[in-house]
Every structure is written in structure tokens, then in C-alpha cells.
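Here's the letter readout for the chains.
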Amino acid sequence: MSEIAQTDEAYVAHAYARFPVEIVSGKGALALSADGRTYIDMGAGIGVNAFGYADPVWCQAVSDQLGTVQHTSNLYFTEPCAMLAKALCDRTGAGKVFFGNSGAEANECAIKVARKYASDKWNAAHPEGGQAPSTIITLENSFHGRTLTTLAATGQDHFHELFKPLTPGFMHIPANDIAALEAACDLPDTCAVMIECVQGEGGVNVLSEEFVACASQFTRERDMVLIIDEVQTGNGRTGDLYAYMGYGIEPDVITTAKGLGAGLPIGACLMWSKVEDVIQPGDHGSTFGGNPVCCAGALSVIERLTDEFLADVRAKSAHIRERLEGAEGIEGISGAGLMIGISTVKPAADVVKTCIDGGVLCLTAKNKVRLLPPLNIPDEVLDQALDVILEACK
Ligand SMILES: *Cc1c(COP(=O)(O)O)cnc(C)c1O
């Protein structure tokens with residue numbers, strides 16, 4: 001073990017089972033390790049490094065802002081925060097944005113918005129008081145974050161066991177089960193539905209168009225809040241700017257993070273007209289949220305996700321599928337855009353280990369190998385990585 005690895009083992013909380021790779025620098029899709037190896041990074045920091053390492057456009061936007069105003073607190077206006085919120089609204093049709101620092105925080109905001117929307121409505125109709133509906137329906141195998149509330153939202157029991165009691169008011173139903181969704185929406189305590197259009201951590205599972213359309217219809221008919229968790233799927237990852245756009249629905253709230261930051265921590269909760277004024281002074285806040293450096297970098301990301309760029313993401317996706325589908329040791333491919341799940345005959349963890357030996361960094365999601373490469377990975381680098389992955393799956 002290297003000295004850095006030993007120091008890390010000794011002093012950093014053992015929250016992660018790290019691979020024996022120490023990354024010292026990177027350029028584009030390539031990561032350089034302390035022992036002089038070059039890896040093709042097909043995980044991009046779990047979908048964060050949307051334009052790879054040390055992308056010159058993003059670095060320029062960030063460093064220009066860093067040397068100007070690095071932070072002000074939310075007591076004052078700054079240009080990057082305002083302009084990023086405007087860009088996100090212009091590109092989606094949302095009305096307002098709240099900024100936090102992570103995916104989990106973006107989801108915390110969405111959950112508060114859904115609960116307060118229900119409370120405001122209840123209080124207007126019930127001057128005598130009482131309890132507004134508060135249950136939020138989420139899906140089995142979902143992943144919404146690591147805070148106690150977003151863990152409660154996460155439909156994977158093994159994350160829950162040692163941390164009870166979790167925040168109450170979440171109900172999990174099977175993905176793509178329209179009857180279960182309708183029955184849950186009909187319960188008197190339900191106030192919202194929260195879904196990932198493509199479940200990331202849960203195994204790169206794509207929701208059916210019919211199910212997402214029903215989630216939209218059922219919530220609209222009952223004046224509930226539809227939240228789409230786009231923390232992983234957003235910002236071009238699935239080949240649409242946001243994954244919900246590929247489903248032809250209009251949500252009430254979307255949350256995003258990961259690729260929006262392109263390497264710096266940011267989370268955003270986008271609210272459509274129905275709920276855009278739910279948050280009022282004192283209802284929510286964040287010290288770092290809307291940080292001008294993170295926002296300047298994120299704005300540069302959003303500006304580059306043009307229709308032409310997204311078409312290229314879809315072309316790269318089609319190329320990956322073409323090369324992997326039906327290959328030896330591969331049982332199936334799932335996902336959308338550059339969010340790809342590979343069902344392998346060998347255990348996914350073994351394939352990932354072999355890939356590392358071959359100079360390619362991949363991820364897992366449940367029992368699948370997961371790929372989240374930089375959105376602009378050059379075609380020839382992508383093909384080199386696929387050669388290694390194909391060999392490792394055999
Ligand atoms: C990663 C992820 C989160 C949590 O984001 P953090 O930034 O780690 O808090 C939430 N939802 C989804 C869908 C994710 O993929």
C-alpha cells in the first residue's frame with residue numbers, strides 16, 4: 001500500500017471501500033495515478049466530471065470567479081447565482097431555483113416544498129387546524145441520498161436498518177407498477193410522488209413511459225407534487241438535458257446535482273409555477289448554497305449542453321450499445337444516454353477489478369457494471385475503454 005493509502009486508512013473514516021488507485025492528476029477522460037499509470041475514467045467521479053478532468057472551459061469559468069468573489073453568504077446578490085438560476089429556468093420552464101450543495105440537499109428541499117405545499121393548502125381549507133397529508137411515494141430500489149430523510153425516501157431497506165428511527169412519511173412501491181401507484185396516490189395521507197426516470201444506484205433501471213405518464217397524470221389530478229430526482233440523470237447524462245424531457249411530461253419539481261457541478265459541490269431544486277412560491281424567507285436556507293464559484297462553473301456546463309452536443313451524447317450511447325449488446329459474457333444492456341448498465345455473467349465487482357488492471361475505471365450499480373463516462377469522451381478513447389470492458393466480461 002502506498003504511503004498516502006496508509007495515511008488515508010489511518011485517518012479517514014472508513015465509509016468507503018476504496019480501490020487501490022491514487023489519482024494525482026487528470027486530463028479529459030484520462031486519470032493519472034501516483035504509480036504512473038493512465039486510466040480511462042468511465043465513471044467520471046460518479047457522473048460528476050461531465051467534461052472530464054481539468055476541462056479548460058470549466059476551469060476558466062471557475063478560476064475567473066475564484067479570484068473575484070469566492071463567497072458572500074446568501075445575504076447578498078451575486079451574478080453567477082442569478083444567471084445560473086435564470087439559465088436553468090429558461091432551459092426547463094421552471095419558475096424558481098433553490099441552491100444547496102449536494103444531491104441529498106436538493107432532495108431535502110424538494111421534500112420540504114412538497115410538504116409545505118400540502119400544509120399551505122390544508123391550512124387555507126381547514127381554519128380549525130389538523131394535520132395536512134404528508135406521505136411521499138417513492139420507488140423500491142430508488143436512491144435519494146444519505147441524510148436521514150433522504151435515506152427514508154430511498155427504497156432500499158439495507159440502507160435503513162442501523163439508523164432507525166428515520167424520518168416518517170415515505171412509502172415505497174414497485175417501479176413500473178401503475179396499479180400500486182394509483183392505489184398509493186388514493187391514500188388520504190399522500191402529498192407527493194418522487195421518482196428517478198432512470199434509477200442509478202438501484203441498477204440503471206429505466207422507468208416505462210407509461211408509468212412516468214401516470215405519475216404525472218395521477219399527481220396532477222389530485223393536486224399532489226411530482227418530484228423528479230435528476231441528481232444523476234440530469235445535465236445531459238441521459239442524452240436529454242433532463243431525463244423527464246424524454247418522457248414528454250412536466251414535473252412540479254426536479255432536483256439535480258452531480259454533473260451540474262462538473263467537479264464542485266452544488267445541488268439545485270427547480271420548482272415549476274404551482275410550487276415556485278412555496279418557499280418564503282425563513283422556510284429554508286444554506287450557508288454555502290448558491291456559491292458563486294460553483295455557480296459560475298455550473299453555468300458554463302449548462303451553456304455547453306446544446307441540442308447538437310446532446311445529439312452527440314446519444315450517438316456515443318448508440319455506439320456503446322452496438323459494441324456491447326450480445327457480446328460474450330454480457331447478458332443485457334440497460335440505461336439511457338451515457339448512463340449505461342451492463343448485466344454480466346461474471347459478478348460485476350470482478351469485472352470492475354479486471355477493468356482496473358486493464359486501465360479502465362468503471363462503477364457498479366447493484367449487480368450491474370455501470371458506465372458514466374464524461375459526456376465529451378473522445379470516440380477513440382471510448383473505443384479503447386470498450387475493448388478492455390469487453391475483454392473483462394468474457
Ligand atoms: C447521487 C444521488 C443522490 C445523492 O447525491 P449526493 O450529492 O451524494 O448527496 C441522490 N439521488 C440520486 C438519484 C443520486 O444518484
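Up top is the structure these notes are about.
Thresholds applied
- Residues numbered from 1 in each chain as written.
- Predicted model: local features only at pLDDT ≥ 70, side-chain atom pairs only at ≥ 80, totals over all residues.
- Heavy atoms only, no water.
- Axes fitted to C-alpha atoms, helices over the stretch in contact; angles between N-to-C directions.
- Helix = DSSP H or I, 4+ residues; strand = E, 2+ residues; numbered from the N terminus.
- Parallel < 35°, antiparallel > 145°, perpendicular 65-115°, else oblique.
- Left-handed = near helix turned anticlockwise from the far one by under 90°.
- Contact = heavy atoms within 4.5 Å.
- Nonpolar A, V, L, I, M, F, W, Y, C, P; charged D, E, K, R; others polar.
- Near = heavy atom within 4 Å.
- Polar contact = N/O pair within 3.5 Å; in protein donor to acceptor, adjacent residues only side chain to side chain.
- Areas by Shrake-Rupley, 256 points an atom, 1.4 Å probe, with all protein chains shown as cover.
- Pairing = 2+ DSSP bridges.
- Disulfide = S-S within 2.5 Å.
- Buried < 20%, exposed > 50% of the residue type's maximum accessible area, 1.4 Å probe, protein only.

Caption draft 1: A look at the packing of helix H11 (residues 348-357) against helix H12 (residues 379-393). Between H11 and H12, the least distance of the axes is 9 Å, while the angle of their chain directions is 135°. In terms of axis orientation, H11 runs oblique to H12. The interaxial crossing formed by H11 with H12 has right-handed handedness. Together, Val351, Thr354 and Cys355 of H11 and Val388, Ile389, Ala392 and Cys393 of H12 make up the contact between the two elements. The class makeup of the residues in the contact of H11 with H12 is 6 nonpolar, 1 polar and no charged.

Caption draft 2: Expanded view of the site of the ligand. Neighbouring the ligand are Ser102, Gly103, Ala104, Asn107, Phe143, His144, Gly145, Glu196, Asp229, Val231, Gln232 and Lys258. Gln232 is positioned with one of its side-chain polar atoms (N or O) 2.8 Å from an oxygen atom of the ligand. Coverage of the ligand by the protein amounts to 82% of the 380 Å² it exposes when considered alone. Within the shell around the ligand, the residues separate by chemical class into 3 nonpolar, 6 polar and 3 charged.

Caption draft 3: View of the sheet that holds strand S14 (residues 339-344). The 4 strands lie next to each other as S13-S14-S17-S16, forming an open sheet whose pairing is antiparallel. The sheet is open, and its two borders are formed by strand S13 (330-336) and strand S16 (363-365), each paired with just one other strand. Across the sheet, the mean angle from the axis of one strand to that of its neighbour is 30°, orientation sign disregarded. In terms of strand pairing, S16 meets strand S17 (residues 368-371) through 3 bridges, oriented antiparallel. Bridging across to S17, Ala365 finds its partner in Lys368. Together, S13, S14 and S17 form the strand contacts of helix H10 (residues 307-324), whose direction differs from that of S13 by roughly 170°.

Caption draft 4: Seen up close, the state of the cysteines. Under the counting rule described, the total for this entry stands at 0 disulfides. With no disulfide of its own, Cys59 lies 14 Å from the sulfur of Cys294, the closest cysteine sulfur. What makes Cys59 partly exposed here is its relative accessible area of 30%.

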